[in-house]
Amino acid sequence: MPEILVQYEAQIWQAIGETFIMVGVSILAAVLLGLPVGTLLYLCRKGNLLENRVAFSTLNLLVNIIRSFPFLLLVVFLIPFTRLIIGTAIGTAAATVPLAIIAIAHYSRLVEQTLLDVPKGVLEAAVSMGASVRSVIFKFLYVEARSGLVVGLTTSIISFISYSTIMGVVGGGGIGDFAIRFGYQQFKTELMMYMIVIMVIFVQIIQFTGMTVARMIDKR
Amino acid sequence: MIQLHHVNKRFEQFEAIKDVSLTIDKGEIYGIIGASGAGKSTLLRLINLLEVPDTGAVEVNGRDLTKLRGKRLRDARKSIGMIFQGFNLVANKTVYENIAVSLELSNYPRKERRGRVEECLRFVGLEDFMKKYPAQLSGGQKQRVAIARALANKPEFLLCDEPTSSLDPNSTAEVLKVLEDVNKRLGVTIVIVSHEMDVIKSLCTQVTVMANGEVYETVRTKPKGVKHIDNNPKYFVDQLAKDGEVDRA
């Protein structure tokens, strides 16, 4: 192993751990909240099962606003909110708050788009069989959209990694922050390059895994 | 028995159905035919309230479905099977799962589901296709799976929306045979919407002709039976030759 990596091994592992926490929380937020929000966006849209103009416009606007923020400004803007729920605005835990929020907005949009591609006729058949809205969602909609949902999540996770790299501004740490502070600011270009390589490897693994899973579960 | 009483349906400015009343008796194969845009599909979709009428009543076995909401409407729909021109199977479910889901929805006893699915597939002649996905089936086979799915809950009625309109002549015959069986052997009342005269003539005992969203006329007919269709290319040549000269190149 190159000497410089050995020298900084402890810090590198810590940075990787921080990135994992930040991206992990983002993924959880995307799945637990982004998926339902995206599903609601889809269902409340005109002509769909829970058509509701007010709900749709409100959610749509909210998601758009969050997504229009340059991410760095969103992080700063959310500082009071972060302090409210975490108790501090500094550190890895605090960094997960803006990440979770952008994750929800980001993935919900991809979920909505994926669901829009499900043939309407399948849902119509479900309704004609007497399916409740809940059954339509879980037994038809998600089943038919599942590979798209996985592809969307893959794309989202890669964006989350990218977002996480700037969390150094609030002391969130992570690989990106490490690369900037040690590699760039201390003129250790070699170290910075190694960090970039690590990120490239992560992204490759995630992209490959995501696409493989999506292909395996797609029977269409 | 299905009865529509003075049903109206409008889509924004377009009056799709204008004051339609009709009665479909138990055990019949009832045809609805008409040009594109005549309102026949909308009329069919009013029967299980996939489209909600603006005014009028939709009575199925004496119960007005327009008065039902939520679970009671969903339960009523379970006794009315439906098949579609585009089959509308779940592409990510196997043939078995596509049919089983309909049983899950009606809380059919878990242990008896497998047997019931097999029984339905045997009825449509696809018992060996349980583990296949819809993408691996022909059009006619997909429609037969859709019929099996619609039959799983032992419905009294089967609504067919252009059931053969995207099928070739062989598959059409294959599906019509099954529908004939559904009516004769299971006693299911069938309503077929189609723009294909042959389809209507081969099965229907009563036919309503629709025009501009209104009933033009309703006539009693004697079903001609499903034409046997040969699988060989000669059939196509003969059909071509029948109504005119064919210039053999």
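Definitions and limits used
Residues numbered from 1 in each chain as written. Chains lettered and ligands numbered in written order. Predicted model: local features only at pLDDT ≥ 70, side-chain atom pairs only at ≥ 80, totals over all residues. Heavy atoms only, no water. Helix = DSSP H or I, 4+ residues; strand = E, 2+ residues; numbered from the N terminus. Rg over C-alpha atoms; globule rule 2.2 N^0.38 Å. Buried < 20%, exposed > 50% of the residue type's maximum accessible area, 1.4 Å probe, protein only. Contact = heavy atoms within 4.5 Å. Areas by Shrake-Rupley, 256 points an atom, 1.4 Å probe, with all protein chains shown as cover. Lys, Arg positive; Asp, Glu negative; His and termini not counted. Charge placed at Lys NZ, Arg CZ, Asp CG, Glu CD. Core = buried A, V, L, I, M, F, W, Y, C linked by side-chain atoms within 4.5 Å. Polar contact = N/O pair within 3.5 Å; in protein donor to acceptor, adjacent residues only side chain to side chain. Pairing = 2+ DSSP bridges. Phe/Tyr/Trp six-rings, centres within 6.5 Å; stacked < 30°, edge-to-face > 60°. Lys NZ or Arg CZ within 6 Å of the ring centre and 35° of its normal. Axes fitted to C-alpha atoms, helices over the stretch in contact; angles between N-to-C directions. Parallel < 35°, antiparallel > 145°, perpendicular 65-115°, else oblique. Nonpolar A, V, L, I, M, F, W, Y, C, P; charged D, E, K, R; others polar. Salt bridge = Lys/Arg side-chain N within 4 Å of Asp/Glu carboxyl O.

Student: Just checking my understanding: could you explain the overall build of chain B for this structure?
Tutor: Looking only at helices and strands, chain B features eight helices and 10 strands. By the compact-globule yardstick of 18 Å for 249 residues, chain B fits well, its C-alpha radius of gyration being 19 Å. When the backbone C-alpha atoms are referred to their principal axes, chain B occupies close to 60 × 50 × 35 Å. Buried positions account for 53% of the 249 residues belonging to chain B. Across chain B, contacts joining residues at least 24 apart in sequence account for 67% of those joining residues at least 6 apart. When the accessible surface of chain B is summed, it comes to about 12100 Å², and 48% of that surface belongs to carbon and sulfur atoms. Within chain B, the 33 negative side-chain charges are centred at a point lying 7 Å from the centre of the 38 positive side-chain charges.

Student: Would you explain the nonpolar core in this entry?
Tutor: A general tendency of soluble globular proteins is for nonpolar side chains to be buried together. Of all hydrophobic cores here, the largest spans 78 residues; its most connected members are I12, F140, L191 and M195 of chain A together with L43 of chain B. Of the residues forming this core, the biggest block, 12 residues, is contributed by helix α8 (residues 133-164) of chain A. When sequence neighbours within four positions are dropped, the list of residues in contact with M195 of chain A reads L5, I12, I175, F178 and A179 of chain A. Membership of the second largest hydrophobic core comes to 45 residues, among which are V95, C120, L126 and V145 of chain B.

Student: Whenever I open this one, the side chain of R109 of chain A confuses me. Can you help?
Tutor: Residues and elements named next belong to chain A. Locating R109 in the fold gives a position in helix α6 (residues 92-116). A polar contact is formed between the side chain of R109 and the side chain of N64, at a distance of 2.8 Å. Apart from residues no more than four positions distant in its own chain, R109 is found in contact with L41, N60, V63, N64 and R67.

Student: Can you help me understand the side chain of S165 of chain B in this one?
Tutor: Residues and elements named next belong to chain B. Mapping S165 onto the fold places it in the loop between β7 (157-161) and α6 (169-186). At a separation of 2.4 Å, a polar atom in the side chain of S165 contacts the side chain of E162. Ignoring anything within four residues of it in the chain, the contact list for S165 reads Q85, S194, H195 and E196.

Student: Teacher, can you tell me more about the sheet that holds strand β4 (residues 55-60) of chain B here?
Tutor: For sheets, the rule is that strands pair by backbone hydrogen bonds, running either parallel or antiparallel. Residue and element names in this part refer to chain B. Taken together, the four strands give an open sheet; going across it, the order is β2-β1-β4-β5, and neighbouring strands pair in antiparallel fashion. The open sheet terminates on both sides in strands that have one partner only, identified here as β2 (14-24) and β5 (63-64). Relative to β5, β4 runs antiparallel, the two sharing two bridges. Note on β5: the bridge partner recorded for V60 is R63.

Student: How should the packing of aromatic side chains be read in this particular structure?
Tutor: The description of two aromatic rings rests on the distance between their centres and on the angle between their planes. The full count for this structure, using the stated rule, is seven aromatic pairs over all chains. Centroid distance F71 of chain A to Y163 of chain A: 4.6 Å. Interplanar angle 45°. Geometry classified as tilted. Taken together, the residues F71 of chain A in helix α4 (residues 71-77) and Y163 of chain A in helix α8 connect sequence positions 92 residues apart. Note on F178 of chain A and F182 of chain A: the rings are 4.6 Å apart at their centroids and 25° apart in plane angle, and the pair reads as stacked. On the criterion of helical spacing, the pair formed by F178 of chain A and F182 of chain A is a turn pair, its members being four residues apart in helix α9 (residues 175-184). Ring pairing ties together the aromatic residues Y8, F178 and F182 of chain A, which thus form one cluster. Here the guanidinium or amino end of R114 of chain B rests over the ring plane of Y96 of chain B, the centre of that ring lying 4.7 Å away.

Student: It is not clear to me how the packing of α8 of chain A against helix α10 (residues 189-217) of chain A should be interpreted in this structure. Could you clarify?
Tutor: Residues and elements named next belong to chain A. Relative orientation of the contacting elements α8 and α10 amounts to 170°, with a least axis distance of 8 Å. The angle between α8 and α10 falls in the class roughly antiparallel. Every residue of α10 that contacts α8 at R146, S147, V150, V151, T154, I157, I158 and I161 is listed here: M199, V203, I206, Q207, G210, M211, V213, A214 and I217. Split into classes, the residues belonging to the contact of α8 with α10 amount to 12 nonpolar, four polar and one charged.

Student: Teacher, can you tell me more about the sheet that holds strand β3 (residues 29-34) of chain B here?
Tutor: All names here are of chain B. The six strands are arranged β6-β7-β8-β3-β9-β10 in an open sheet whose pairing can be described as mixed. The open sheet is flanked by β6 (80-83) and β10 (214-220), the only strands paired with a single partner. With direction set aside, neighbouring strand axes in the sheet form an average angle of 15°. Inspection of the sheet shows strand β9 (residues 206-211) paired to β10 by six bridges, in the antiparallel sense. Residue pairing across strands places M210 opposite V215, the latter belonging to β10. Lying on the sheet, α6 is in contact with β3, β6, β7 and β8 (189-194); it crosses β8 at an angle near 155°.

Student: Would you take a moment to explain the pattern of salt bridges for this structure?
Tutor: Proximity of charged atoms lets side chains of opposite charge pair with each other. The tally for this structure, following the rule as stated, stands at 19 salt bridges over all chains. Here D75 of chain B ties to K78 of chain B by a salt bridge, and the two come within 3.4 Å at their closest N and O atoms. Taking relative accessible area as the criterion, D75 of chain B reaches 34% and is therefore assigned partly exposed. A salt bridge links E180 of chain B to K184 of chain B; its shortest N-O distance comes to 3.7 Å. Taken together, the residues E180 of chain B and K184 of chain B, both in helix α6 and four residues apart, mark about one turn of the helix. Among the residues examined, K184 of chain B registers a relative accessible area of 62% and is labelled exposed. A cluster of three or more residues bridged by salt bridges with shared partners is formed by R45, R109 and E112 of chain A.

Just distances and angles here, no functional claims.
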